[in-house]
Amino acid sequence: MASQSSQWNNNTAFLLAATGSAVGLGNIWGFPYKAAENGGGLFVLLYIFFVITLGFPVFMAEVFIGKKGKSNPVSSVESLAIKSKSSKSWGIVGYAGILASLIIAGYYSVIAGFVIDYGFISAQGVTEGTAKDIWATQQTTFWDMTFWTLLFIFGSCYVVANGIDAGIDKAMRFLLPMLFVLVIAMVGYGAYQGDFNAGLDYLFSAKTEKFNSPGEVAAIVQAAIGQAFFSLSIGMGTLMAFGSYMPSSQKVSKASSVVVTADTGVALLAGLAIFPLAFGLGFNPEENAFGGSALVFETMPEAFAQLGALGQIIGPLFFFLLAVAAFSSMISILEPSVAFLTQKFSMTRMKATGIILLVCISLSLVSIAGHNVWKDVSLGALDNPFEFMKYFADDFLLLLVGTGMSVFVGWRLQNVVDKQTMGITSTAFMSLWIFVLKWISPVFLMTIWVLGNAKVLFEADLIAQVLSLF
Ligand code: TRP
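This write-up is about the structure you can find in this document. Quick caveat: nothing in here was measured; it's all calculated off a predicted structure.

Regarding the environment of Gly129
Right, on to step 1. Topologically, Gly129 is positioned in the loop between helix 5 (91-124) and helix 6 (131-138).
Right, on to step 2. Note: C-alpha distance between Gly129 and Gln306 (177 residues apart in sequence) is 8.9 Å.

In structure tokens:
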């Protein structure tokens, strides 16, 4: 029984759902720490550059496949493959996307669990100087972590089970406005309380000392591209699924540009909320823990602690913002696999969501254990199962699927893409888009994929090796 409608019942649903998907932990938790790890300004400029030149074109390709294929990620790709007389095995791109989505669901919900936990911790107030220990302790508590993670998973599955209109669209109409108000409020507070100029300078001035070696520049480029794709929700079928519900009058190019702009805007705003506050309180990226989860779960709580009683309001507000962003993204992470099960096996949405719920819980337990019980179970350069899942999905699978979609649309669907669906009137613009999909994005994506995997899996610095030949 197909109880869900296969089309959004209004014209803004795609925009809301895709923006809710794109704006997530990647923007508020990921973007600021990656900027900090990669020296600030240069990373940010490269990030914006790659969002426009690579992210946007591939984003449109993914939405196009969904809109034209009108089905779940696997069937959409397969039916377009048949239509263009290509092999049906292109469907593997859809399967790989779904695999990535399940793994991401497994680790994303754990970070979201920490976020909810920290909402309560910061409301109770953190004593100055203790944030570091609190964060260390939080990660050792397997059952507490499981509790918060499951709360988050059940909440998002509940929305997804209710269908695309009564579940997803309805939730987004409520979550997104809240998210924007909260981000703006945080930026306003950072500007008022913190050192806004220092924050601005850090985010936007390219510090050239990071240009030291070609290897370092390559690493920053790689991080910027990876972040751009993850933040835009490219590569796991989310955009195909949401695109497949688009009403036929909606144009891919216009809808995509709205979502891409909103996502990039929120990432920059998140930086403008976090850095001025941190700098104003005397935190320094070179000395404090700004990398990885430590920025949000250690440095920020310490900053809130220094605000005293006020921190007990600003802190929870900040974590509430993160929780809302994570929640709307998680819904979109679950949708491709749920759509796949309902359509491929004619299941009810309820049953499909139930199955995905179980898969998601199992994977999240592995990821939780990676913080404590299996903390030392390392795989090569990857410290624990949590890191492994994150790496395998984000760096390994998403880039492959992104490349696959780019090549599929650029090389196989040349005669299927039409200006009408895309909403592009200029022939030159269409050709430019196809050219990027054919050549530019596959070359860039595969290069960083090879360089990145060589480093992580084989500890080989290929750039250094090539340069040493000269
Ligand atoms: N973009 C979201 C974030 O920034 C995460 C996300 C949701 C995602 N759906 C996705 C990432 C699909 C890649 C692919 O947090």
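Moving on, there is more to tell.
Concerning the site of the ligand
Right, on to step 1. For the ligand, the set of nearby residues contains 17 residues, the closest of which are Ala22, Gly26, Tyr108, Phe230 and Met236.
Right, on to step 2. Within the backbone of Ser21, one N or O atom sits 3.4 Å away from a nitrogen atom of the ligand.
Right, on to step 3. Taking Tyr108, its side chain carries an N or O atom lying 2.6 Å from an oxygen atom of the ligand.
Right, on to step 4. About the coverage of the ligand: the protein hides 100% of its 360 Å² of free accessible area.
Right, on to step 5. More than half of the atoms belonging to the ligand lie within 2 Å of the grid points that define the largest cavity.
Right, on to step 6. Grouping the constituent residues of the shell around the ligand by class yields 8 nonpolar, 9 polar and no charged.

So, the pattern of salt bridges
Right, on to step 1. In total, this model carries 3 salt bridges according to the counting rule given.
Right, on to step 2. We note a salt bridge from Asp418 to Lys68, for which the minimum N-O separation is 3.3 Å. Of this pair, Asp418 sits in the loop between helix 16 (385-412) and helix 17 (419-422) while Lys68 sits in helix 3 (residues 41-69); the two residues are 350 residues apart in sequence, bridging distant segments of the chain.
Right, on to step 3. Lys68 sits in the partly exposed class, given a relative accessible area of 24%.

Let's talk about the packing of aromatic side chains
Right, on to step 1. The tally for this structure, following the rule as stated, stands at 34 aromatic pairs.
Right, on to step 2. Plain terms: the ring middles of Phe31 and Phe43 are 6.2 Å apart, the flat faces sit at 40° to each other, and that makes the pair tilted. Of the two residues, Phe31 is situated in helix 2 (residues 25-37) and Phe43 in helix 3; the sequence distance between them amounts to 12 residues. When sorted by exposure, Phe31 lands in the same class as Phe43, which is buried.
Right, on to step 3. An aromatic cluster is present here, built from Phe114, Tyr118, Trp135, Phe297, Phe304, Phe318 and Phe319 joined pairwise through their rings.
Right, on to step 4. The ring centre of Trp411 lies 4.7 Å from the NZ or CZ of Lys438, which sits over that ring.

Some points on the layout of surface pockets
Right, on to step 1. The space that makes up the largest pocket amounts to roughly 1400 Å³.
Right, on to step 2. The wall of the largest pocket is formed by 45 residues, among which Tyr33, Glu37, Glu387, Lys390 and Asp395 lie closest to the centre.
Right, on to step 3. Of all the elements in the fold, those that place two or more residues in the lining of the largest pocket are helix 2, helix 6, helix 10 (214-231), helix 16 and helix 18 (427-458).
Right, on to step 4. Across the lining of the largest pocket, the residue classes break down as 20 nonpolar, 14 polar and 11 charged.
Right, on to step 5. A volume near 290 Å³ is recorded for the second largest pocket.
Right, on to step 6. Along the walls of the second largest pocket sit 16 residues, with Ile116, Phe152, Phe320, Ala323 and Val324 positioned nearest its centre.

Looking at helix 12 (residues 252-280)
Right, on to step 1. The end-to-end C-alpha separation of helix 12 is 42 Å, in line with the 42 Å expected for 29 residues at 1.5 Å each.
Right, on to step 2. In terms of residue burial, helix 12 counts as a mostly covered element, since 22 of its 29 residues are buried.
Right, on to step 3. After helix 12 finishes, the residue Gly282 shows a positive phi value of roughly 85°.

A look at helix 14 (residues 311-344)
Right, on to step 1. Under the 1.5 Å per step criterion, the end-to-end length of helix 14 is 50 Å for 34 residues, consistent within 8% with the ideal 50 Å.
Right, on to step 2. Helix geometry: helix 14 is bent most strongly at Glu335, by close to 30°, with proline Pro336 lying one to four residues after it.
Right, on to step 3. Across the 34 residues of helix 14, 28 count as buried, placing the element largely inside the fold.
Right, on to step 4. Following helix 14 by one or two positions, Ser346 adopts a phi angle in the positive range, close to 45°.

Looking at the side chain of Ser367
Right, on to step 1. Inspection of the secondary structure puts Ser367 in helix 15 (residues 349-369).
Right, on to step 2. On the basis of relative accessibility, which here comes to 0%, the residue Ser367 falls in the buried class.
Right, on to step 3. What Ser367 contacts, discounting residues up to four positions off in sequence, is Gly106, Tyr107, Val110, Phe386 and Met389.

Details of the nonpolar core
Right, on to step 1. Counting 164 residues, the largest nonpolar core has Phe297, Phe318 and Trp433 as the members making the most contacts within it.
Right, on to step 2. Examining the composition of this core, we find that 18 residues originate from one element, helix 14, more than from any other.
Right, on to step 3. If sequence neighbours within four positions are ignored, Phe318 has contacts with Ile28, Met186, Ile274, Val296, Met300 and Phe304.

Thresholds, definitions, all that
- Residues numbered from 1 in each chain as written.
- Predicted model: local features only at pLDDT ≥ 70, side-chain atom pairs only at ≥ 80, totals over all residues.
- Heavy atoms only, no water.
- Helix = DSSP H or I, 4+ residues; strand = E, 2+ residues; numbered from the N terminus.
- Near = heavy atom within 4 Å.
- Polar contact = N/O pair within 3.5 Å; in protein donor to acceptor, adjacent residues only side chain to side chain.
- Areas by Shrake-Rupley, 256 points an atom, 1.4 Å probe, with all protein chains shown as cover.
- 1 Å grid on protein atoms, 1.4 Å probe; cavity = no way out; pocket = protein on both sides within 12 Å on 5 of 7 lines; lining within 4 Å.
- Sits in = over half its atoms within 2 Å of the grid points.
- Nonpolar A, V, L, I, M, F, W, Y, C, P; charged D, E, K, R; others polar.
- Salt bridge = Lys/Arg side-chain N within 4 Å of Asp/Glu carboxyl O.
- Buried < 20%, exposed > 50% of the residue type's maximum accessible area, 1.4 Å probe, protein only.
- Phe/Tyr/Trp six-rings, centres within 6.5 Å; stacked < 30°, edge-to-face > 60°.
- Lys NZ or Arg CZ within 6 Å of the ring centre and 35° of its normal.
- Points joined across faces, edges and corners; volume = space filled by probe spheres on them.
- Expected span 1.5 Å × (residues − 1).
- Bend = angle between axes of the 7 residues up to and from the residue.
- Contact = heavy atoms within 4.5 Å.
- Core = buried A, V, L, I, M, F, W, Y, C linked by side-chain atoms within 4.5 Å.

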